[in-house]
Amino acid sequence: MSEHPMVLCENLVKIYKTDEIEVVALQGLDLVVQPGELMAIIGNSGSGKSTLLNMIGGLDKPSAGRLLVDGKDLVKMTPKDMIPYVRQTVGFVWQNNARNLIPYLTARENVELPMTLNGKRDPQRALELLEMVDIAKRRDSKLGEMSGGEQQRVAIAIALANNPKLLLADEPTGAVDTKTSSHIVDVFRTLKETLGLTIVVVTHDRSLSQKVDRVVAIRDGRTSSEILRKSSYREQLEHMEDLASATIEETHEELAVLDRAGRLQIPHEYLEAIEATNGKLRVEFDAQKKTITLTAPGSAG
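Description of the structure in this document.

Scoring rules and cut-offs
- Residues numbered from 1 in each chain as written.
- Predicted model: local features only at pLDDT ≥ 70, side-chain atom pairs only at ≥ 80, totals over all residues.
- Heavy atoms only, no water.
- Helix = DSSP H or I, 4+ residues; strand = E, 2+ residues; numbered from the N terminus.
- Buried < 20%, exposed > 50% of the residue type's maximum accessible area, 1.4 Å probe, protein only.
- Contact = heavy atoms within 4.5 Å.
- Areas by Shrake-Rupley, 256 points an atom, 1.4 Å probe, with all protein chains shown as cover.
- Phe/Tyr/Trp six-rings, centres within 6.5 Å; stacked < 30°, edge-to-face > 60°.
- Pairing = 2+ DSSP bridges.
- Salt bridge = Lys/Arg side-chain N within 4 Å of Asp/Glu carboxyl O.
- 1 Å grid on protein atoms, 1.4 Å probe; cavity = no way out; pocket = protein on both sides within 12 Å on 5 of 7 lines; lining within 4 Å.
- Points joined across faces, edges and corners; volume = space filled by probe spheres on them.
- Nonpolar A, V, L, I, M, F, W, Y, C, P; charged D, E, K, R; others polar.
- Core = buried A, V, L, I, M, F, W, Y, C linked by side-chain atoms within 4.5 Å.
- Axes fitted to C-alpha atoms, helices over the stretch in contact; angles between N-to-C directions.

Section: the overall build of the chain
Scanning the chain from terminus to terminus reveals 10 helices and 13 strands. Per-residue burial over the chain gives 46% buried out of 301 residues. Across the chain, every contact between residues at least 6 apart in sequence was considered, and the portion connecting residues at least 24 apart equals 62%. Element-wise, carbon and sulfur atoms account for 49% of the exposed surface of the chain, whose accessible area totals about 16200 Å².

Following this line, the structure appears as structure tokens:
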């Protein structure tokens, strides 16, 4: 078993500053991703999820906090140290396929390119990766000759070219239909099982949750809840003819996350339901049942 998590974020802060404005993208975020895990990070636009992925991928630096990936301290890394990290430890899949693929190269040449830049061009390995993501038949096709789903599978093969330990995908199904989206997540699951890859997918699409083992929800720059699979994916497949038709409530359970200071983020819809409009709650602890009850001041109950 690994001695350390694949990703460890502790009290992570990211602040973007200009002359006139300061934006806090992450404000004390905690996250642990274990080796070999297939998990998703969800959140609304502006929640901080893409900022987090860029920092894990070495494309941006935290303003404060701790960020370790595969035991490497990204906060302390110099720009020179970051080059081998980006080339060897992580693979990145973008939503925009024009950013993943060079349009005048074939699929196979695109997969070979990162190998060439790393001094290890291997045409046979490139073909094996295309076969692994079930797109070898389009090896000689260029960007404009492939569908969105085909382009995205080539992009995954490119991300695997230098044998990374961690695969990061930013909205990988955002530009494809539901059926193609399901196929792409199937590819991720196969890669996790066959290569032992750790895969982190950032998305706003909650329907992806049925096919991953854990979902972390980010709200206002902090982890607010975790959605965990109730039983293994294989067990659920055996009991459901079509897992994609199941609701997230049937396959997973959602747990609120306490940060290191004991703070709890409560979904807005819950607060609205109990009419907690002034930002204050009454907290009552039942020692016998070991439960905590939250009610709005002045409400009956």
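Considerations on the packing of aromatic side chains
Counted according to the given criterion, the structure contains 1 aromatic pair. Centroid distance F92 to W94: 4.2 Å. Interplanar angle 5°. Geometry classified as stacked. W94 carries the same exposure label as F92, and that label is buried.

Quick notes on the pairing of strand β13 (residues 291-295)
Where strand β12 (residues 282-286) lies against β13, 5 bridges are found, and the strand directions are antiparallel. The residue bridging D286 from the neighbouring strand is T291, located in β13. Once β12 ends, the chain turns through 4 residues before running back antiparallel as β13, passing K290 with a positive phi of about 55°.

A word on unusual backbone geometry
A positive phi angle is found at D134, which is not glycine, with a value near 60°. Since its relative accessible area comes to 56%, D134 is described here as exposed. Non-glycine residue N163 carries a positive phi angle of around 50°. If you trace the backbone, N163 turns up in the loop between α6 (148-159) and β7 (166-170).

Focus: the pattern of salt bridges
All chains considered together, the criterion is met by 13 salt bridges. K165 is paired through a salt bridge with D70; the nearest N and O atoms lie 3.0 Å apart. Linking K165 in the loop between α6 and β7 with D70 in the loop between β4 (64-69) and β5 (72-73), this pair joins segments that are 95 residues apart in sequence. On the basis of relative accessibility, which here comes to 43%, the residue K165 falls in the partly exposed class. On the basis of relative accessible area, D70 is assigned to the buried category, the value being 13%.

Structural notes on empty space enclosed by the protein
Taken as a whole and assessed by the stated rule, the structure comprises 1 cavity of 30 Å³ or more. A volume near 40 Å³ is recorded for the largest cavity. Taken together, A40, V185, F188, V201, L208 and V212 make up the lining of the largest cavity. Partitioned by chemical class, the residues of the lining of the largest cavity number 6 nonpolar, no polar and no charged.

Here's the deal with the nonpolar core
Counting residues in each nonpolar core, the largest one holds 39 residues, and the members touching the most others are V111, L130, V154, I156, L167, F188 and I199. Of all the secondary structure elements, the ones that give two or more residues to this core are β3 (38-42), α4 (107-117), α5 (123-132), α6, β7, α7 (178-195), β8 (198-203) and β9 (214-219). Leave out the neighbours within four places in its chain, and I156 touches V93, V133, L167, I184, V187, F188 and L191. I41, V69, V200 and V202 belong to the second largest nonpolar core, which has 29 residues in total.

A short note on the layout of surface pockets
Vacant regions in the atomic arrangement are exposed by a probe of water-molecule size rolled over the atoms. Looking at the second largest pocket, its volume works out to about 570 Å³. V86, F92, P114, I158 and A159 are the residues nearest the centre of the second largest pocket, which is lined by 23 residues in total. For the lining of the second largest pocket, the secondary structure elements donating two or more residues are α2 (79-88), β6 (90-93), α3 (97-100), α4 and α6. If one sorts the elements of the lining of the second largest pocket by residue count, α4 sits on top with 4 residues. Grouping the amino acids of the lining of the second largest pocket by side-chain chemistry returns 15 nonpolar, 6 polar and 2 charged.

As for the sheet that holds strand β2 (residues 22-33)
As summarised here, the arrangement of the 4 strands in space is β2-β1-β4-β5, forming an open sheet in which the pairing is antiparallel. With partners counted over all chains shown, the strands left at the sheet margins are β2 and β5, one partner each. Relative to β4, strand β1 (residues 7-17) is paired through 5 bridges, and the arrangement is antiparallel. Residue pairing for β4: L8 is matched across the bridge by L68. Relative to β1, helix α1 (residues 49-56) is tilted by about 115°, and along the sheet it contacts β1, β2 and β4.

Purely spatial values, then, with no claim about function.
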